[in-house]
Amino acid sequence: MASPIIQNASSGDQVVFHFEQKNHTVTQSSFPDPCTFLDGGFDSGFYPIPPNQTDNFPTFTVTVNDTKPIWVYCRQAANTAASHCGAGMVFAVNPGAPGAMNSFEIFQAEALAIGAELKASSSSASAAASSTPPPAWTSAAYGSVTIPAAPTPIVVTETITVEASNWITVYSSYPGSPEATPVGLNGAVHTVVVGGSSGQLTYTPSNITAEPRDTVVFEFHQKNHTATQSSFGDPCRILTNTTTNQVIGLDSGFMPVEANTTTFPTFNVTVNDTAPIWFYCKQHTPTGASHCGSGMVFSVNAVVDSPRNFSAFQALAMQLNGTNTTSGVSQPSSTPNGGCTNLAANLALGIGAVGVVVAALL
């Protein structure tokens, strides 16, 4: 939201908008049409701000030429259910007094009404697309274990604008998934430590939220681990096409790291959309115990408040594979592969904030 939400100014004054985290605009509209660009009006363009930036925020300056009202909105996710304007992210210079026909309160209420219409339209489309809802529960790949059913994704076509670039993206959106606008053209980098000097069977952190164009860098520490893509219902086997049985999952291969190593090998995965991605380590101990069955799993964009969250994924891995038996789990080769490949996964996320300070939306 913008803070403050209104500003009284005289002719010749300047209003300086400071853009803080996320990705917003300062765009001029009109009182009767608060979420539509005013022909001939000003527009800052998008300002993607990474979450770790704490100073030197970019600004956009508007010079006030008279005392007439100036109406402003953020055009992020315009004309969609995720519209920032539709969520009330609007601003005004010299609006009418409270109770007046051109007050800020009426202007914002109209923006919120537009947002409600967009959400209602989206909900109707979603209901039509899924006339047969999935069952609440299904079965895991093996082991006669009941698990939460996968949610029904909605295929979304959205125009993305970041900095001076525009493109159209088509992706499957899941309930609770992040939005699809990247924080910047190059994305952010998320480093995940695999293993550790004390023999930890962990990915640290174990679950992250990432946006499109972000890069997940798996940094392999001591011992010999992998970062291998699986699925929620089959957590300890590499992802395969259920029709052809061909392997389609990402796999770093084995990364043996000596105890005294100080320079660590890495494996990069590029995030492309908002769907959850699941990973595990396919290594076994000399006794045959599975690292995955010991809870060595990882996720990207697992929805925290979903029944298919990271904790449920880890618990299922341990339930299905948490013994010395290797039933249903592929054993590693005796000659680990130390190679590293940069690959892209089909994944995604996020949108942002504006500040007079233009700051985070909701």
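Just to check I follow, could you spell out the packing of aromatic side chains for this structure?
Given two aromatic rings, one states the distance between the centres and the angle between the planes to describe the pair. Applying the stated criterion across every chain, the model contains 16 aromatic pairs. Ring geometry for phenylalanine 104 and phenylalanine 107: centres 6.4 Å apart, planes at 55°, overall tilted. Taken together, the residues span about one helical turn, with phenylalanine 104 and phenylalanine 107 both in helix H1 (residues 104–129) at a distance of three residues. Across the pair, phenylalanine 107 and phenylalanine 104 agree in class, each one buried. Taken together, Tyr203, Phe218, Phe267, Phe279 and Phe298 form an aromatic cluster joined through their ring pairs.

Explain the sheet that holds strand S22 (residues 297–300) here, please?
In any sheet, the strands associate via hydrogen bonds between backbone groups, in a parallel or an antiparallel arrangement. Sheet architecture is open: four strands sit in the order S15-S22-S21-S18, paired in mixed fashion. Strands with a single pairing partner mark the edges of an open sheet, and in this sheet they are strand S15 (207–208) and strand S18 (228–230). Two elements, strand S21 (residues 277–280) and S22, share four bridges in a ladder whose sense is antiparallel. Within S22, the residue paired with phenylalanine 279 across the bridge is phenylalanine 298. Where helix H2 (residues 310–321) meets the sheet, it contacts S15, S18, S21 and S22, and its direction lies at approximately 150° from that of S22.

Sorry if this is basic, but what is going on with the pattern of salt bridges here?
In a structure, side chains of opposite charge can pair up when their charged atoms sit close to one another. One pass over the structure, following the stated rule, counts three salt bridges. Between aspartate 43 and arginine 75 there is a salt bridge, with the nearest N and O atoms lying 2.8 Å from each other. Of this pair, aspartate 43 sits in the loop between strand S4 (27–29) and strand S5 (47–49) while arginine 75 sits in the loop between strand S7 (70–73) and strand S8 (90–93), placing them 32 residues apart in sequence. Between arginine 237 and aspartate 234 there is a salt bridge; the shortest N-O distance is 3.0 Å. Since its relative accessible area comes to 27%, arginine 237 is described here as partly exposed. Under the relative-accessibility criterion, aspartate 234 is labelled buried at 13%.

Quick notes on the rules
Residues numbered from 1 in each chain as written. Predicted model: local features only at pLDDT ≥ 70, side-chain atom pairs only at ≥ 80, totals over all residues. Heavy atoms only, no water. Phe/Tyr/Trp six-rings, centres within 6.5 Å; stacked < 30°, edge-to-face > 60°. Helix = DSSP H or I, 4+ residues; strand = E, 2+ residues; numbered from the N terminus. Buried < 20%, exposed > 50% of the residue type's maximum accessible area, 1.4 Å probe, protein only. Pairing = 2+ DSSP bridges. Contact = heavy atoms within 4.5 Å. Axes fitted to C-alpha atoms, helices over the stretch in contact; angles between N-to-C directions. Salt bridge = Lys/Arg side-chain N within 4 Å of Asp/Glu carboxyl O.

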